[in-house]
Amino acid sequence: CHVHYHDFVLKKENFTRLCYTKSMLVVNGSFPGPVIRVQKGDTVFVNVHNQGDYGLTIHWHGVHQPRNPWSDGPEYITQCAIKPGSNFTYEVIFSDEEGTLWWHAHSEWTRATVHGAIVIMPLNNTSFPFPEPDGQEIIVLSSWYNSTEDVSDIVAEALQDGGDTPDSDCYTINGQPGDFLPCSNDSTYHWQVEYGKTYLLRLVNAVMNSELFFAIAEHSLTVVGIDASYVKPIVTDYIMISAGQTMDILITANQSPGAYYMATRQYNTVRKNIDDYDNSNVTAILQYKEKYTPLMDPVFPSILPTYFDIVSGRKFTRRIKSLASIEHPTNVPKNISTRMFITAASNYGFINRSGEYETGVTTSLNNLSWVNPETDVLLSYYRNITGFYTPDFPDYPPFIFDFVSEDFAPDTVPTIKGTKVKVLEYDEEVEIVFQGTDLMRASEDHPMHMHGYSFYVVGSGTGNFDNETDPKGYNLFDPPKMNTVSLPKVGWVAIRFKASNPGVWFWHCHFDRHLTWGMSFVIIVKDGGTPETSIRKPPPNMPQCTSSSTIKLQ
Ligand code: C2O
Ligand code: CU
């Protein structure tokens, strides 16, 4: 394996989109930020220099970081912010990942402007489990906010009306809003292709609060990887990509040379039944290098499913299966020792940490709404400092009800704010069933993401999970391996993993709106008793929280 070194300089720069110019924090002057390219198993040292005016951290989304939670990144979970004027070097350790992942800031909503792709190539003596493509292309889907000042403005803009408005002023493809939005058609992103060639498209959904449909006019897509894990090829006209997910897709330029739109449509929008083009779409152009007469406008992908087309969304996601081959085996845990059933809800009203009732929107898992501790969980755990979290995250919700019923009175269940974590023994096999609920009639998909691991998605369905019948339908043969899975609106999803990576690992909904309101928890996986099965030593100069600045790490 190789070792790579990168410098990430975080600095405010001016960007203009939709006729708004704003100063925003980016890495090395670009939006989206730089691409990290590695081979399977490499290690990358990234020295992050914060020259901005607020603190933040960086997370390497989907990189398992064996025994190395110190460099995972989520603020208040594994570290505190890299303060303005200071720097911190992450040691990003790749292991079994192969394909596309991404990195992003993990403090408040800073990831809106601070993110980029990670490309993980196979080792020299191995190849892709599909014919070698003629070329590769990276497409990053991001959110753009017109707000000018600070990340707090972005949060305020996106949470207005309780979050019922589209979550950003537009989406972008490689930083550009595309042809149909104000002032942006001059800068529409163009992907140049040659007739007859096949390309590997590496797609990253970095938008803040949405799942997206994506299609390219007249061109079929062959999905070959998701979340840096290969899948059985899926030939399709459109895909649905959840927030935080990444996909590897083969595309052959086999249509008459010309210009074709690639476009996204927001899946989980509240604007139902609108077919018009608006700020929840974004386009770029796939353009053939061959000469052609531009007689008409580029072709739009008529196949792109419409808003809230749940049927099309599920039709696609149900087709995803892992390779389960000799080179890429599937090892689904079958001796489950910890089984959790976790409800995901939007709530109104909560019990604060002093035990008093307050009004306001929250989100919860098992009716608990996560509150960040003042000292990060990893440091408290590693140094045995008590008082910042408790190890009592429950395996079940406080009561069972008809989770998907519209008649359930939401205000009878104020959620509880707190910092409770789930502790697992090293190497135990775990199943978690997430159940979506319709509390507050606010049901929508939740892209549930786990740090430090990929898990097998063994089942999913609509309605209430049935403990008797649903496990009988689990796919234990070739389920997909992912780090982010869409918990379907008023439905459930079941995942399994083996707790073989000791550390402190965050679990959360990858919609930042829901994350802000508390839809997260933490899993601590204990050490296995030998140096090779224990958390590594912390690096020097670990950024610490103000309240813990007197706690010394050695
Ligand atoms: Cu992509 Cu916790 O993050
Ligand atoms: Cu959510």
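Just so it is clear, the model here is predicted, and its values are computed rather than measured. (Residues numbered from 1 in each chain as written. Chains lettered and ligands numbered in written order. Predicted model: local features only at pLDDT ≥ 70, side-chain atom pairs only at ≥ 80, totals over all residues.)

1. Structural notes on the overall build of the protein chain
Logical step 1: Along its length, the protein chain carries 4 helices and 32 strands.
Logical step 2: Relative to the compact-globule value of 24 Å for 554 residues, the protein chain shows a C-alpha radius of gyration of 22 Å, a close match.
Logical step 3: With the C-alpha coordinates aligned to their principal axes, the bounding extent of the protein chain is approximately 70 × 55 × 50 Å.
Logical step 4: Counting across all 554 residues of the protein chain, residues that qualify as buried make up 50%.
Logical step 5: A separation of at least 24 residues holds for 79% of the contacts in the protein chain among residues at least 6 apart in sequence. (Helix = DSSP H or I, 4+ residues; strand = E, 2+ residues; numbered from the N terminus. Rg over C-alpha atoms; globule rule 2.2 N^0.38 Å. Buried ≥ 20, exposed ≤ 12 C-beta atoms within 10 Å, placed from the backbone. Contact = placed C-beta atoms within 7 Å.)

2. A short note on the domain arrangement of the protein chain
Logical step 1: With domains assigned, the protein chain is organised as domain 1 (1–124), domain 2 (130–322) and domain 3 (336–546).
Logical step 2: Using only C-alpha atoms to locate each centre, domain 1 and domain 2 end up separated by 23 Å.
Logical step 3: Within the residue set of the side of domain 1 that touches domain 2, elements represented by two or more residues are strand E2 (20–27), strand E7 (99–105) and strand E8 (115–121).
Logical step 4: Looking at the side of domain 1 that touches domain 2, the element that brings in the most residues is E7, giving 5 residues.
Logical step 5: Split by residue class, the side of domain 1 that touches domain 2 holds 14 nonpolar, 7 polar and 5 charged. (Domains from an automatic or database assignment. Nonpolar A, V, L, I, M, F, W, Y, C, P; charged D, E, K, R; others polar.)

3. Quick word on the UniProt feature "domain: Plastocyanin-like" (unreviewed entry) in the protein chain
Logical step 1: When the UniProt feature table is mapped onto this chain, "domain: Plastocyanin-like" (unreviewed entry) is found at residues 11–122, 138–290 and 394–527.
Logical step 2: The annotated region residues 11–122 carries 0% helix and 46% strand content, and the separation between its end C-alpha atoms amounts to 33 Å. (UniProt positions renumbered as here; feature names shortened; annotations may be inferred.)

4. A closer look at the pairing of E8
Logical step 1: Burial analysis of E8 places 5 of its 7 residues in the buried class, which makes it a mostly covered element.
Logical step 2: Bridge analysis of strand E3 (residues 36–39) against E8 gives 4 bridges, and the strand direction is parallel. Paired with Val 38 across the bridge in E8 is Ile 120.
Logical step 3: Alignment of E7 against E8, held across 6 bridges, turns out to be antiparallel. Residue pairing in the sheet places Leu 101 in a bridge with Ile 118 of E8. (Pairing = 2+ DSSP bridges.)

5. Some details on the environment of Val 46
Logical step 1: Counting through the fold element by element, Val 46 comes out in strand E4 (residues 43–50).
Logical step 2: Overall, Val 46 belongs to the buried group, with 21 C-beta atoms counted inside 10 Å.
Logical step 3: Through-space distance from the C-alpha of Val 46 to that of Glu 91 is 6.6 Å; in sequence the pair is 45 residues apart.
Logical step 4: Excluding its chain neighbours within four sequence positions, the residues that come into contact with Val 46 are His 6, Phe 8, Thr 89, Tyr 90 and Val 92.

6. Points about the confidence of the model for the protein chain
Logical step 1: For the protein chain, the average pLDDT comes to 91, and 92% of its residues sit at 70 or higher.
Logical step 2: Residue range residues 548–554 is modelled with pLDDT below 50. Its contacts to residues more than four positions away, or to other chains, number 9 contacts. (pLDDT = per-residue confidence, 0-100.)

7. Focus on the sheet that holds E3
Logical step 1: The strand order E3-E8-E7-E5 describes an open sheet built from 4 strands, whose pairing is mixed. Edge positions in the sheet fall to E3 and strand E5 (58–61), since each of these pairs with one other strand and no more. The mean angle between the axes of side-by-side strands here comes to 20 degrees, regardless of whether they run parallel or antiparallel.
Logical step 2: As judged from the 4 bridges shared by E5 and E7, these two strands associate in the antiparallel manner. Opposite Trp 60, over in E7, you have Trp 103 as the bridge partner. (Axes fitted to C-alpha atoms, helices over the stretch in contact; angles between N-to-C directions.)

8. Observations concerning unusual backbone geometry
Logical step 1: Residue Pro 32 is reached from Phe 31 by a cis peptide bond, and omega for that bond is -5 degrees.
Logical step 2: Mapped onto the fold, Pro 32 is located in the loop between E2 and E3.
Logical step 3: The phi angle at Asn 366 is positive, at roughly 50 degrees, despite the residue not being glycine.
Logical step 4: With respect to the helices and strands, Asn 366 occurs in the loop between strand E21 (357–365) and strand E22 (368–370).
Logical step 5: Overall, Asn 366 belongs to the buried group, with 22 C-beta atoms counted inside 10 Å.

9. Here we look at the environment of Ala 206
Logical step 1: For Ala 206, the location among the structural elements is in the loop between strand E12 (198–205) and strand E13 (212–216).
Logical step 2: Placed 64 residues apart in sequence, Ala 206 and Ser 142 show a C-alpha to C-alpha distance of 4.9 Å.
Logical step 3: Ignoring anything within four residues of it in the chain, the contact list for Ala 206 reads Pro 32, Trp 102, His 104, His 115, Val 140, Leu 141 and Ser 142.

10. Notes on the nonpolar core
Logical step 1: Core analysis: the largest hydrophobic core is formed by 146 residues, its most contacted members being Leu 141, Ile 249, Val 377, Phe 434, Ile 495, Trp 505 and Val 522.
Logical step 2: Non-local contacts of Phe 434, meaning those with residues more than four positions away in its chain, are made with Ile 342, Ala 344, Met 448, Leu 487, Trp 492 and Val 493. (Core = buried A, V, L, I, M, F, W, Y, C linked by C-beta atoms within 7 Å.)

11. Section: the pairing of E21
Logical step 1: Sheet analysis places strand E20 (residues 336–351) next to E21, joined by 7 bridges and oriented antiparallel. Across the sheet, residue Ala 344 finds its bridge partner in E21, namely Leu 365.
Logical step 2: Hairpin connection from E20 to E21: 5 residues lie between these consecutive antiparallel strands, with Gly 355 at a positive phi of about 85 degrees.

12. Focus: the sheet that holds strand E11 (residues 190–193)
Logical step 1: Ordered in space as E11-E19-E18-E13-E16, the 5 strands form an open sheet in which the pairing is mixed. The sheet terminates laterally at E11 and strand E16 (239–241), the two strands that pair on one side only. Shown here is a sheet whose adjacent strand axes are inclined to one another by a mean of 25 degrees, direction ignored.
Logical step 2: Here E11 runs beside strand E19 (residues 281–288); their pairing, made up of 4 bridges, is parallel. Paired with Gln 192 across the strands is Gln 287, a residue of E19.

13. Some words on helix H1 (residues 151–159)
Logical step 1: For H1, the complete set of buried residues consists of Val 151, Ile 154 and Ala 158. Projected onto a plane normal to the axis of H1, the buried residues spread over an arc of 50 degrees and lie on a single side.
Logical step 2: Buried-residue contacts for H1 involve helix H4 (512–517). (Arc of directions from axis to C-beta.)

14. Description of the environment of Ile 432
Logical step 1: Within the secondary structure, Ile 432 is located in strand E25 (residues 429–436).
Logical step 2: For Ile 432 and Met 340, which are 92 residues apart along the polypeptide, the C-alpha to C-alpha distance reads 4.7 Å.
Logical step 3: When sequence neighbours within four positions are dropped, the list of residues in contact with Ile 432 reads Met 340, Ile 342 and Ile 495.

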